[in-house]
Amino acid sequence: MTDVNRPPEDRIGGWTRLVTARPRLSLLLALIFTALAVVAGSGVADRMGSGGWEDPAAESAYATKALEKRFPASQPNLILLVDSGGKTVDDPAVAAEARALAKKLSHEEAVTGVTSYWTTGASSLRARDRGEAIIAARILGDESAAGKALERMAPHYRGAHGPVEVRVGGMVAVRHELQSTIQEDLLRAEMIALPITLVLLVMVFGSAVAALLPLGVGIIAILGTDAVLRGLTEFTDVSVFAQNLTTALGLGLAIDYALFIVRRFREELGRGAEKLPAVATTLRTAGRTVLFSALTVAASLAAMLVFPQYFLRSFAYAGIAVVLIAATAALVVLPAALILLGDRVNALDLTRLLRRGRPVRGGEPGAGWARLARLVMRRAPVFALATVAGLVALGLPFLRVEFGTADDRQLPKSAESHVVQQHIREGFPGGPGGAVEVLAEGGGTGTKALADYSAKISALPKVLRVDSPAGRFADGRRVAEPGPAEAARLAGGSAEITVQPKGEAVDAASQNLVRTIRAQEPSFTTSVTGTAAVLVDTKDSIADRLPWAAAIIVAVTLLLVFLLTGSVLIPIQAVLLNALSLTAMFGAVVWVFQDGHLSGPLSFTTSGDIETTLPVLMFCVAFGLSMDYGVFLLSRIKEEYDRTGDHQAAVEFGLRRTGGLITAAALILAVVMVGIGTSRVTNTKMLGLGIALAVLMDAMVVRGLLVPAVMKLTGRATWWAPGPLRRLHTRFGLSEGESAPAARQGGSGTEAAADIGTGAATDAAAGGGADGRRCGGKGRPHGEDGTHGEDGVQGEGEEARDRVSTGR
């Protein structure tokens, strides 16, 4: 049949001709691309950083770099925790061995600023019980160079040395262990998620061949994104945590997109279409929605580019790349595979054994979702209020969120660097890492000016003591005259002042202390850093840019959903309901990870706060995924409303056609995210489990209950738009429908509901062409009222009527 003689809905568009003209060549190019991506992306994790939570333009960042350069001993990132083995650290043999270790460390390449309890006598470097003491130093270089230096040196210091036992810690050790742990955990997560995902796909499709197609798209997306990230590491810092998002979104979105496209193709084959027209219809309908969905997800992730922290920007890089590559593979590679497979896409039905001996099911596919939609719309006010109240209640714990910084407690309790820092927290007075560091520069840094300033700071309520070139100060007075150690705090017109706060390093009192110190006006210029100062600057940076990120997400969402629906109200509903769907995730994050509930079963150590950038990341990712499912549902509702003009029936139709499929896709994505959530790193665990919860809540609660209830309450006003916007949508709007609303006399094919575990070897075919062609595998014609027959899961449903509608 020539293209001219085909019905309008079966005509072959230019994109279909392009991607199916040389299907074998397309698959060969995809294979070459994948092979090149493997080579290009190899070793990407080794080039990534494990930090990136700080604002590089903040005052604390400047002070940290300046102190590192001028006073390297004030910024130690390597700590050797020396255990005296039952003696005291002042025992002659212990002291001699410790001094020898410190001397050996000072001769290491790229190591500077070596100091220890045995050379300074500082009480902050000795445990209260005198059983342990510290040797501290600075490894120079960026994260990658410092990590390699540590990897080379650590075996020579770790373990027994005469009468002492040495453990290696410090920030460089924490970051090195984070990096290696994440790589190991990511491999394990893939080994967990892939087999379970494959089983679920087989249960959804009923065919091993069809089930392998989404995995193929996912592999292309993951490997392609690794190559992109490897290229980005040549120009900018990229966080190793971003690899987790690459795996999760690469598999999850590839499965979502391929699920919709493959199902639609199988439906077209089921109603008698040839391969090429089936692909054309699939790309014109489901393919268009996949493209639209990818844009919404990418826009949500792109909002993280407004933040200066490379931890957040890295997730934007990875997310945008993996979304676009997954969508491209689904719209280019997948059609070529479908053309070559044809009817063989249904081959290797592995669910026949599960169906053996079971009675043939009748009824419409998605009938359960249709009944749920009717029930919800009959009691719309009750369901709307109850669902909103429940989601708000689940989110209430987030009102008491405390923000902090990532530290060694991200690692499992057995990690060496975690053990070292835990010993320091519990056994040392004001240990390294908790101090507020002040860099004094410019004129006026004389001894008297420094003494006056130090005395004033030491008199503040939350200050334990102040160490400066002018001596040691406490309670507003000098308690120790300057010695050699204090003299080392003055160099080249700059001075280093250390303020030891009372209490925790990053609690509210320490943060207020930073602000108080910054408010002082001495005769010289000061810059404040330290853990608490970094946290203050990070919170300020996030707060300053958060409105911009939110504005980007909201504006793009409103625009894209308007282009999809032509409605003014639906985009607003989409933004509000999507945000509401995330409340359970944020409430659970605080209740579990901040408060410590379930810390035992989930195997993590709570720090009593949530890392500041993580809620931003989780919001952007979860919001984008919620829009992914929202687009699929709204596109079906919009198409049916355009065809019939019946608002309530359209809502029911949309839920019936997509409810099971969205739930199946959400369940598979949740499995992938839970695999990520098995990580031993707390932030990764929080990210994986939190987004898994958000995805399931959105698919099952918001899409199943809240959306139909709200759309019932808003009625036909849901579709209102002023004249200029209606004309704009007519010209530029996007839809999954086959033609303009006025031309739609019959429905187009739609996705059948996913039927996990019921042996759905064949997909239902809903709708038909505008010419009244047969619809469904048995060729049942359209009803005279414009309704259309449907096949049940086994091909001959007991009901051959139109969808059940209410109020018509």
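This is a predicted model, so every value here is computed, not measured.

S.K.: Can you explain the environment of Ser494? Please cite residues and give values.
M.R.: Here Ser494 is to be found in strand 12 (residues 494–501). For Ser494, a relative accessible area of 5% gives the class buried. Spatially, the C-alpha atom of Ser494 lies 9.9 Å from that of Gly446, the residues being 48 residues apart in sequence. When near neighbours in sequence (up to four residues on either side) are disregarded, Ser494 contacts Arg70, Phe71, Leu439, Ala440, Glu441 and Arg489. One polar contact links Ser494 to Arg70, side chain to side chain, over a distance of 2.8 Å.

S.K.: Tell me about the pattern of salt bridges, residues and numbers included.
M.R.: Taken as a whole and judged by the stated rule, the model has 28 salt bridges. Where Arg70 meets Glu441, a salt bridge forms, and the shortest distance between an N and an O atom there is 2.6 Å. Taken together, the residues span a long stretch of sequence, with Arg70 in helix 3 (residues 59–70) and Glu441 in strand 7 (residues 436–441) at a distance of 371 residues. For Glu441, a relative accessible area of 14% translates into the label buried. When the shortest N-O distance is used, the salt bridge between Arg425 and Asp408 registers 2.7 Å. You can see Arg425 sitting in helix 15 (residues 416–427) and its partner Asp408 sitting in the loop between strand 6 (403–404) and helix 15, a full 17 residues away along the chain.

S.K.: Summarise helix 9 (residues 242–270); cite the residues concerned and give the values.
M.R.: Compared with an ideal rise of 1.5 Å per residue, which puts 29 residues at 42 Å, helix 9 spans 41 Å between its outermost C-alpha atoms and is within 8% of the ideal. Where burial is concerned, most of helix 9 is hidden: 28 out of the 29 residues are buried. Directly after helix 9, the chain includes Gly272, whose backbone phi takes a positive value near 100°.

S.K.: Tell me about the packing of helix 2 (residues 23–41) against helix 8 (residues 208–232), and please be specific about residues and values.
M.R.: Axis angle and axis distance: for two packed helices, these are the angle between their axes and the distance between the axes, and together they describe the pair. Contact geometry of helix 2 with helix 8 gives a least axis separation of 8 Å together with a crossing angle of 45°. The angle between helix 2 and helix 8 places the two elements in the oblique class. In this structure, the crossing between helix 2 and helix 8 has a hand that is left-handed. Along its contact with helix 2, which presents Ala30, Phe33, Thr34, Ala37, Val38, Ala40 and Gly41, the element helix 8 presents Ile220, Leu223, Gly224, Asp226, Ala227 and Arg230. In terms of residue class, the contact of helix 2 with helix 8 is built from 8 nonpolar, 3 polar and 2 charged.

S.K.: Describe the confidence of the model for the chain, and please don't skip the residues or the numbers.
M.R.: When pLDDT is averaged along the chain, the result is 82, and 86% of the positions lie at 70 or above. Within the chain, the element-level pLDDT minimum falls on helix 12 (residues 352–355), averaging 56, and the maximum on helix 14 (residues 380–395), averaging 95. In the model, residues 736–808 has pLDDT below 50 throughout and makes 214 contacts with residues more than four positions away in sequence or in other chains.

S.K.: Explain the packing of aromatic side chains residue by residue, including any values.
M.R.: Aromatic ring pairs are reported here in terms of the distance separating the ring centres and the angle at which the planes meet. Taken as a whole and assessed by the stated rule, the structure comprises 11 aromatic pairs. Relative to Trp118, the ring of Tyr117 lies with its centre 5.7 Å away and its plane at 75°, an arrangement referred to as edge-to-face. Here the two residues Tyr117 and Trp118 agree in accessibility, since each one is buried. Here the aromatic rings of Tyr641 and Trp719 are separated by 4.5 Å at their centres, their planes lie at 10°, and the arrangement is stacked. Within this pair, whereas Tyr641 is found in helix 23 (residues 614–644), its partner Trp719 is found in the loop between helix 25 (682–714) and helix 26 (723–732), the two being separated by 78 residues in sequence. Tyr641 sits in the buried class, given a relative accessible area of 14%. Following the ring pairs from residue to residue traces out a cluster consisting of Trp53, Phe241, Phe311 and Phe315. Across the ring face of Tyr157, the terminal group of Lys104 is positioned such that the distance to the ring centre comes to 4.9 Å.

S.K.: Describe the side chain of Lys685, listing the residues and the values that go with them.
M.R.: By the element assignment, Lys685 lies in helix 25. For the buried Lys685, no salt bridge is present, and the opposite-charge side chain at shortest range is Asp185, 7.4 Å distant. For Lys685, the contacting residues outside a window of four places in its chain are Phe593, Leu602, Ser603, Phe604, Gly677, Thr678, Ser679 and Gly690.

S.K.: Break down a nonpolar patch on the surface for me, citing the residues and quoting the values.
M.R.: A cluster of nonpolar side chains, namely Leu25, Leu28, Leu29, Leu31, Ile32 and Leu36, defines an oily patch on the protein surface of about 580 Å² accessible area. Turning to its location among the elements, Ile32 is positioned in helix 2. Looking at Ile32, the relative accessible area reads 39%, which means it is partly exposed.

S.K.: An account of unusual backbone geometry is requested, with residue identities and associated values reported.
M.R.: Not every positive phi belongs to a glycine, and Arg130 is a case in point at roughly 60°. Counting through the fold element by element, Arg130 comes out in the loop between helix 5 (117–120) and strand 3 (132–139). By relative accessible area, Arg130 is classed as partly exposed at 34%. Of note in this structure, Leu598 is not a glycine but carries a positive phi near 70°. By the secondary structure assignment, Leu598 is in the loop between helix 21 (583–594) and helix 22 (599–602).

The rules behind these values
- The residue numbering used here restarts from 1 in each chain and proceeds along that chain's sequence as written.
- A pLDDT threshold of at least 70 governs which residues receive local features in this predicted model, and a stricter bar of 80 or more applies before side-chain atom pairs are shown or counted, although totals over entire chains, interfaces and linings include all residues.
- The basis for every side-chain value is the complete set of non-hydrogen atoms in the structure, without hydrogens or water.
- Numbered from the N terminus, helices here are DSSP runs of H or I no shorter than four residues, and strands are runs of E no shorter than two.
- Only protein chains enter the accessibility calculation, which uses a 1.4 Å probe; a residue whose area is less than 20% of its type maximum is buried, one above 50% is exposed, and one in between is partly exposed.
- By the convention used here, residues are in contact when the closest approach between their heavy atoms is within 4.5 Å.
- Under the rule applied, a polar contact is a pair of N or O atoms within 3.5 Å (in protein, one hydrogen donor and one hydrogen acceptor; residues adjacent in sequence only if both atoms are side-chain atoms).
- Between Lys or Arg on one side and Asp or Glu on the other, a salt bridge is scored when a side-chain nitrogen of the former is within 4 Å of a carboxyl oxygen of the latter.
- Under the convention used throughout, the expected extent of a helix is 1.5 Å for every residue step, that is, one less than its residue count.
- Geometry is summarised by axes, namely lines fitted to C-alpha atoms with helices restricted to the contacting stretch, and by angles between N-to-C directions that run from 0 to 180 degrees.
- Oblique is the label for any angle not covered by the other classes, which are roughly parallel (under 35 degrees), roughly antiparallel (over 145) and roughly perpendicular (65 to 115).
- What makes a crossing left-handed is the near helix being turned counterclockwise from the far one by less than a right angle; a clockwise turn instead makes it right-handed.
- Here the term charged refers only to Asp, Glu, Lys and Arg, the term nonpolar to Ala, Val, Leu, Ile, Met, Phe, Trp, Tyr, Cys and Pro, and the term polar to all other amino acids, Gly among them.
- pLDDT expresses how confident the predictor is about each individual residue, on a scale running from 0 to 100.
- Aromatic pairs are defined between Phe, Tyr and Trp rings, using the six-membered ring for Trp, whenever the two ring centres lie within 6.5 Å; interplanar angles under 30 degrees are classed as stacked, those over 60 as edge-to-face, and all others as tilted.
- Whether a charge sits over a ring depends on NZ of Lys or CZ of Arg being within 6 Å of the ring centre and within 35 degrees of the ring normal.
- When charges are counted, Lys and Arg are positive and Asp and Glu negative, with His and the chain ends excluded.
- Any residue with relative accessible area above 30% and no salt bridge may belong to a patch, with like charges joined within 9 Å and the nonpolar Val, Leu, Ile, Met, Phe, Trp and Tyr side chains within 5 Å.
- What sets the accessible areas is the Shrake-Rupley method with a 1.4 Å probe; for residues, cover comes only from the shown protein chains.

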